Amino acid sequence: MDTIPMVSSLLSSLANYSNLPQGSKEHEEAENNEGSRKKPVQAPRMGTLMGVYLPCLQNILGVILFLRMTWMVGIGGVIEAFIIVLMCCSTTMLTAISMSAIATNGVVPAGGSYYMISRSLGPEFGGAVGICFYLGTTFAGAMYILGCIEILLVYIVPQAAVFKMEGLEGAEAEAAMLNNMRVYGTLVLSFMAIVVFVGVNYVNKLALLFLACVICSILAVYAGVIKTAFEPPIFPVCVLGNRTLVWKGFDVCAKVIERENATVTTQLWRLFCDSEFLNATCDSYFVNNNITEIQGIPGVMSGILRENLFGNYMDKGSFIEKVGLPATVEPDSIPTNTNRYVLADITSFFTMLVGIYFPSVTGIMAGSNRSGDLQDAQKSIPIGTILAITTTSIIYMSSVILFGSCIEGTVLRDKFGEAVRGNLVIGTLAWPSPWVIVIGSFFSTCGAGLQSLTGAPRLLQAIARDGIVPFLRVFGHGKANGEPTWALLLTACICESGILIASLDNVAPILSMFFLMCYMFVNLACAVQTLLRTPNWRPRFKFYHWTLSFLGMSLCLSLMFICSWYYAIVAMGIASCIYKYIEFRGAEKEWGDGIRGLSLSAARFALMRLEEGPPHTKNWRPQILVLVSMDSELNVEQPRLLSLTNQLKAGKGLTIVGTALEGTYLENHPQGQQAEQSLKKLMEAEKVKGFCQVVISSNMRDATSHLVQAGGLGGLQHNTVLACWPRNWKHAEDHQSWRNFIELVRETTAASKALLVPKNISAFPSNGERFTEGHIDVWWIVHDGGMLMLLPFLLRQHKVWRKCKMRIFTVAQMDDNSIQMKKDLTTFLYHLRIDAAVEVVEMHDSDISAYTYEKTLMMEQRSQILKQINLTKTEREREVHVRPQTFTSPSADAETPSTAIQMTWTEAKCDGEQAKPIGRMVDDGFIFRNQSNLRRMHTALRLNEVIVKKSQEAKLVLLNMPGPPKNRSGEENYMEFMEVLTEGLNRVLLVRGGGREVITIYS
């Protein structure tokens, strides 16, 4: 009793059969029960047969089988038609396997395929594919309506045509037919839309009738095929020469007949001659060729299959000819009376047949769309869908072979059955009458059209209610009971655009594209989830594999381009636009989708690859750690620092915005989160793409140190630190702020990281400002690996600085050859592909030596030797005044990056004084230190005068930043020195290299 249902329960399930998407009936019931306020009785849940198998069967078998299948076999031949069917059925079978895996991996609510894809691949893919699936379903509605009108006007009531086709030929007849399709199509669409709007309950009540029509039609064809084996139906075809004639306006397939011992002309004679007499003037082709009557349905045992095996593609307007019959055609004669012959209405080729046929295998989502109405969706969806596809595949494949075995090739190629007295070609094969198929196919196409108009608005409503596509939100609203009124209106408008195309053969490839794209993403979703092995991927359906999904995806993509490469590009363009739109404007959704998992896997792989070694000089770009400070309200004190970051980065590379908070993590965790939100908001406002990091520590110094040390991950580390010059450091109550700054300089030097320090940060431009003219001046006093050259180049990529010109100043001493230096520098910049004006500024040796003395490897060695041999103080001073090299030639610079200069401020810098033990020569040291400070300040003052003179009007000045003193007692003097050096300049960017080459002349 549990496993085998009783007859009563079977009848009950048949009575409750519905092929509508989930939610349709509930909306209707909600409306009906609104007045009574009774609790609605829940309809019995459906099993595999009623809930999945039959709806899928009904959706898959449809208009193409009845109207185009015979023509496809005639044009492409049995072999090619079989290949097309096999390809398309394989695609849907592989998609069904992937879909079954996704559908059984948890509960699938209303929305079916859209829900599955969006939750597996994320909102961007979900939205793009959901809209593609919606458009596919809508155009499918247009195709079914066009099929319905074609059956009505060609086979049921031809006399109902508004635009009469009698006596019209060629383009005129075609235009009249298309206009009839448009008029009647629009009327039928309006009627169907009203039916759906008034209530889907009516559609629901007719679902069983539509299903019965489909099944009866298929059975009638098989019965007819069996009957042809021993008693083929009589459907004669009249052939003149080898050209098939339209059997219309004549009764006997002969030129003349014998009647009462006299030869009498027939009605056929009068169609080709100007009178009924034997001496009449007739069409030359009619005179020169014989009339032959052949059997249209020779039967399954006739051996006609051999003739129909291979393709017979035709150009538009060519005659449908019987192979093997003789024909005499006068050379250079122009065909006349062409409307008497059966002609090819379109140019046919293999890829076009694929595009027209594919919609006949769509509809596999019918089960998954209604998962909420099923007793056990996770069991029913895979079994029902795969069984339905297997059944329909067998029907299609057998149909190809049986049509080729039973029907004459000329009749197969006759799309509208003109050679068999205007009968539907598949109907000629049916038993007991062609009308079984005609009426059955008419009702099934009507039903399919209604289902599309019911299903598509609900799909659009599901997408709109998810809120991922902002401009679709209006379509989420509807009637009080949830019926999607606005979505139905849009669906009807899009459907009307398909009906205005008016040709079934032109609409079919359009919806093929959208369905193929949808199926491709179903396969992609399954493959991604399987390959990532996400912990939540545990489908109950076990018979899937990523290779099958990948094969299905490849087949879908191939079929898209086989059907129509330009439609494929348009469909992909639409999907890409929707994807990008959702990415930029759509709501943030976290659905635990596979693409996020894929991103994590890709990021991990990329990070592991980055670990393999430091980046090449050509790939070096500043990966910036921006150190900002927060006020008491936890707002950023220097927002312009992020503006500068944006101008330096333009969205490329790594940016980490870090801030330090004082306290303990346990107590200050909420403040940390608040600070993080504040940073994110500012980063968004300043369009800085990157990450933010908040460190809480017992003191600010340690917190900043932690940020410098621990920022980044693996190979994705910052190589440059951007920090503000401490404001009002002289007047600060505690000296800790500027001491922390100097410690930061020391730490970045120790970590071999570059340091950028903007001074007067509030004067720097925001991202909205634009400099229309001006200069970026680089004062290149020592070589720091090329940072000074690279930064202006990067800044000028941004709109703010684009119109500024770059100038490079370098300092020459008295015994330098200034002209040669300028030439060398110009050549160097030319090789670096940097466009800049060059100027050499001459200064006295004693003015600049304190600043430019550099500890290269040689200087370190010299210092060690001096200490070892204990030279006298005066000798040491003389030794130290040997002029250091401040500029290297381009070739030397390129070849010896290891000798890159590092500036360090030391007590021994200017006078060679060795560090003295505590308690020795105190007075002498004190006097000496004051003297050296004085000399330093003099150097800074002289340099400042030169810089202000040349660069006061510059929009930005970039300067080398010397290292801090090793002896901590000179820290305040160091700050004073930097103040004196930059006095009178509006915007200054102090730059300290990271100890490696960052720019190269090589490609």
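Throughout this description, residue numbers start from 1 for each chain and increase along the sequence as written. Predicted model: local features are reported for residues with pLDDT of at least 70 only, side-chain atom pairs are reported and counted for 80 or more only, and whole-chain, interface and lining totals are derived from all residues. As a convention, hydrogens and water are excluded, and side-chain values are obtained from all of the structure's heavy atoms.

1. Remarks on the overall build of the protein
At step 1: Helix and strand counts for the protein stand at 34 helices and 15 strands.
At step 2: Here the term buried applies to any residue with accessible area under 20% of the maximum for its type, exposed to any over 50%, and partly exposed to those in between, with areas from a 1.4 Å probe on protein chains only. The buried share of the protein, taken over its 1003 residues, is 54%.
At step 3: Look at the contacts in the protein between residues 6 or more apart in sequence, and 82% of them connect residues 24 or more apart.
At step 4: Accessible surface for the protein amounts to roughly 45,200 Å². Of this, 58% is attributable to carbon and sulfur atoms. Numbering goes from the N terminus for both helices and strands, where a helix is a DSSP run of H or I of at least four residues and a strand is a run of E of at least two. A contact between two residues is defined here by any heavy atoms of the two lying within 4.5 Å. The Shrake-Rupley method, run with a 1.4 Å probe, gives the accessible areas here. Residue values count only the displayed protein chains as cover.

2. Observations concerning the state of the cysteines
At step 1: Any cysteine sulfur atom paired with another within 2.5 Å is treated as part of a disulfide. Taken as a whole, this structure holds 2 disulfides when the rule is applied.
At step 2: One disulfide bridge connects Cys 238 with Cys 253, the sulfur atoms lying 2.0 Å from each other. On the S-S bond that ties Cys 238 to Cys 253, the torsion sits near 90°, and the link is right-handed. Taken together, the positions of Cys 238 in strand 1 (residues 236-240) and Cys 253 in the loop between strand 2 (243-244) and strand 3 (256-259) put the pair 15 residues apart, joining distant regions of the chain.
At step 3: For the protein, numbering the cysteines in disulfides from first to last along the sequence yields the connectivity 1-2, 3-4.
At step 4: Cys 213 provides the cysteine sulfur closest to Cys 216, a residue in no disulfide bond, and the two sulfurs are 7.0 Å apart.

3. Structural notes on the confidence of the model for the protein
At step 1: Chain-level statistics for the protein give a pLDDT mean of 80 and a share of 82% at 70 or above.
At step 2: For every residue, the pLDDT score states the predictor's confidence, bounded by 0 at the bottom and 100 at the top. Element-level mean pLDDT values for the protein span from 36 in helix 32 (residues 908-911) up to 94 in helix 19 (residues 546-563).
At step 3: Confidence drops under pLDDT 50 across residues 34-41; counting only partners more than four residues distant or on other chains, this segment forms 2 contacts.
At step 4: This model gives residues 845-929 a pLDDT under 50, and the stretch forms 128 contacts once residues within four places in sequence are excluded.

4. Focus on the sheet that holds strand 14 (residues 956-960)
At step 1: When DSSP finds two or more bridges between two strands, those strands count as paired. The mixed open sheet is built from 10 strands, whose spatial order is 8-7-6-9-10-15-14-11-12-13. Only two strands of the sheet have a single neighbouring strand rather than two, namely strand 8 (691-697) and strand 13 (837-842). The mean angle between the axes of side-by-side strands here comes to 20°, regardless of whether they run parallel or antiparallel.
At step 2: Sitting on the sheet, helix 34 (residues 971-982) is in contact with strand 10 (754-759), strand 14 and strand 15 (988-992), with an inclination near 130° to strand 15. Throughout, an axis means a line fitted to C-alpha atoms (over the contacting stretch in the case of helices), and angles, computed between N-to-C directions, take values from 0 to 180 degrees.

5. Quick look at the packing of helix 7 (residues 123-156) against helix 20 (residues 565-585)
At step 1: It is at 8 Å that the axes of helix 7 and helix 20 come closest, and there the two elements cross at 140°. Regarding the angle of helix 7 to helix 20, the classification is oblique. Along this stretch, helix 7 crosses helix 20, giving a crossing that reads as right-handed. Seen from helix 7, the contacting residues are Pro 123, Glu 124, Phe 125, Gly 127, Ala 128, Ile 131 and Cys 132; seen from helix 20, they are Ala 575, Ile 578, Tyr 579, Ile 582 and Glu 583.
At step 2: Each residue belonging to the contact of helix 7 with helix 20 can be placed in one class, and the counts come to 9 nonpolar, 1 polar and 2 charged. Put simply, angles under 35 degrees are roughly parallel, angles over 145 are roughly antiparallel, angles from 65 to 115 are roughly perpendicular, and the rest are oblique. Crossing handedness is read from the near helix: turned anticlockwise from the far helix by less than a right angle, it gives a left-handed crossing, and turned clockwise, a right-handed one. As a working rule, the residues Ala, Val, Leu, Ile, Met, Phe, Trp, Tyr, Cys and Pro are called nonpolar, Asp, Glu, Lys and Arg charged, and the rest polar, with Gly in that last group.

6. Section: the packing of helix 5 (residues 69-103) against helix 13 (residues 377-406)
At step 1: Orientation of helix 5 relative to helix 13, taken along the N-to-C sense of each, is 170°, at an axis distance of 9 Å. Here helix 13 runs roughly antiparallel to helix 5, going by the angle between their axes.
At step 2: A class-by-class count of the residues in the contact of helix 5 with helix 13 yields 22 nonpolar, 9 polar and no charged.

7. Some remarks on the environment of Ser 601
At step 1: Note that Ser 601 resides in helix 21 (residues 594-610).
At step 2: For Ser 601, a relative accessible area of 33% gives the class partly exposed.

8. What to know about the pairing of strand 9 (residues 720-723)
At step 1: With burial as the criterion, each face of strand 9 is covered, one bearing Thr 720 and Leu 722 and the other bearing Val 721 and Ala 723.
At step 2: Direction of pairing for strand 6 (residues 624-628) relative to strand 9: parallel, over a ladder of 4 bridges. Residue pairing across strands places Val 626 opposite Leu 722, the latter belonging to strand 9.
At step 3: The pairing of strand 9 with strand 10 spans 3 bridges and is classified as parallel. In the sheet register, Thr 720 faces strand 10, and the bridge partner there is Ala 754.

9. Comments concerning the nonpolar core
At step 1: Here, nonpolar core means buried Ala, Val, Leu, Ile, Met, Phe, Trp, Tyr and Cys residues that are tied together by side-chain atoms lying within 4.5 Å of each other. By size, the foremost hydrophobic cluster in this structure holds 170 residues, and its most contacted members are Tyr 357 and Tyr 396.
At step 2: Sorting elements by how many residues they give to this core places helix 7 first, with 21 residues.
At step 3: Setting aside chain neighbours within four positions, we find Tyr 396 in contact with Ile 60, Leu 61, Gly 62, Leu 65, Met 69, Val 85, Cys 89, Tyr 357, Ser 360 and Val 361.
At step 4: If you look at the next biggest cluster of nonpolar residues, it comprises 53 residues, including Val 626, Ala 675, Phe 771 and Ile 776.

10. A look at the sheet that holds strand 2
What links the strands of a sheet is backbone hydrogen bonding, and the strands pair in either a parallel or an antiparallel sense.
At step 1: Strand order in the open sheet formed by 3 strands is 2-1-5, with antiparallel pairing between adjacent strands. Strands with a single pairing partner mark the edges of an open sheet, and in this sheet they are strand 2 and strand 5 (291-295).
At step 2: One ladder, built from 2 bridges, connects strand 1 with strand 2; its direction is antiparallel. Bridge pairing in strand 2 places Val 239 opposite Thr 244.

11. A look at the pattern of salt bridges
At step 1: The rule for a salt bridge is simple: a side-chain nitrogen of Lys or Arg has to be within 4 Å of a carboxyl oxygen of Asp or Glu. Per the counting criterion, the structure on display carries 16 salt bridges.
At step 2: The partner of Glu 839 in a salt bridge is Lys 950, with the nearest N and O atoms 2.5 Å apart. Of this pair, Glu 839 sits in strand 13 while Lys 950 sits in helix 33 (residues 922-951); the two residues are 111 residues apart in sequence, bridging distant segments of the chain.
At step 3: Of the residues examined, Lys 950 reaches a relative accessible area of 32% and is grouped as partly exposed.
At step 4: For Glu 945, the salt bridge is made with Arg 942, and the minimal N-O distance between the two is 3.4 Å. Of this pair, Glu 945 and Arg 942 both sit in helix 33, 3 residues apart, roughly one helical turn.
At step 5: In this structure Arg 942 comes out as partly exposed when scored by relative accessible area, which is 24%.
At step 6: Through salt bridges with shared partners, a single network forms among Arg 68, Glu 150, Asp 345, Lys 415 and Asp 505.

12. Describing the pairing of strand 7 (residues 655-662)
At step 1: Counting buried positions along strand 7 yields 7 of 8 residues, so the element is predominantly enclosed.
At step 2: When strand 6 meets strand 7, the two strands line up parallel, connected through 5 bridges. The residue bridging Leu 625 from the neighbouring strand is Ile 656, located in strand 7.
At step 3: Both strand 7 and strand 8 contribute to a ladder of 7 bridges, which runs parallel. Residue pairing across strands places Glu 662 opposite Ser 697, the latter belonging to strand 8.
At step 4: Crossover handedness is defined here as right-handed if the route from the first strand over the helix to the second strand goes clockwise, with the strands pointing away from the viewer. The β-α-β motif built from strand 7, the intervening helix 23 (residues 665-685) and the parallel element strand 8 has right-handed crossover chirality.

13. Concerning the packing of aromatic side chains
At step 1: Centres within 6.5 Å are what make two rings of Phe, Tyr or Trp a pair, Trp counting through its six-membered ring; a difference in plane orientation under 30 degrees is then read as stacked, over 60 as edge-to-face, and the rest as tilted. A complete count under the given rule lists 23 aromatic pairs for this structure.
At step 2: Plain terms: the ring middles of Phe 125 and Phe 521 are 5.2 Å apart, the flat faces sit at 50° to each other, and that makes the pair tilted. A residue pair is termed long-range when its members are at least 10 positions apart, and Phe 125 in helix 7 and Phe 521 in helix 18 (residues 504-532) qualify at 396 residues.
At step 3: The class for Phe 521 is buried, based on a relative accessible area of 12%.
At step 4: These aromatic residues form a ring-pair network of at least three members: Trp 269, Phe 272, Tyr 285, Phe 286, Phe 319 and Tyr 341.
At step 5: In this structure, Arg 243 is placed above the aromatic ring of Tyr 341, and the distance from its NZ or CZ to the ring centre is 5.3 Å. Counting as a charge over the ring demands two things of the Lys NZ or Arg CZ atom: a distance within 6 Å of the ring centre and an angle within 35 degrees of the ring normal.

14. Focus: unusual backbone geometry
At step 1: Looking along the chain, the bond that leaves Trp 431 and enters Pro 432 is cis, with omega of 10°.
At step 2: As for its placement among the helices and strands, Pro 432 is situated in the loop between helix 15 (425-429) and helix 16 (434-466).
At step 3: You will see that Glu 260, though not glycine, has its phi angle at about 55°, which is positive.
At step 4: With respect to the helices and strands, the residue Glu 260 is situated in the loop between strand 3 and strand 4 (262-265).
At step 5: A residue is classified by how much of its surface remains accessible, and Glu 260, at 75% relative accessible area, is exposed.
At step 6: For Asn 261, which is not glycine, the phi dihedral falls at a positive 60°.
At step 7: Residue placement: Asn 261 occurs in the loop between strand 3 and strand 4.

15. So, the environment of Glu 983
At step 1: In this fold, Glu 983 is placed in the loop between helix 34 and strand 15.
At step 2: Distance in space between the C-alpha atoms of Glu 983 and Ala 940 is 9.8 Å, their sequence separation being 43 residues.
At step 3: Contact partners of Glu 983, with chain neighbours within four places excluded, come to Asn 944 and Val 948.

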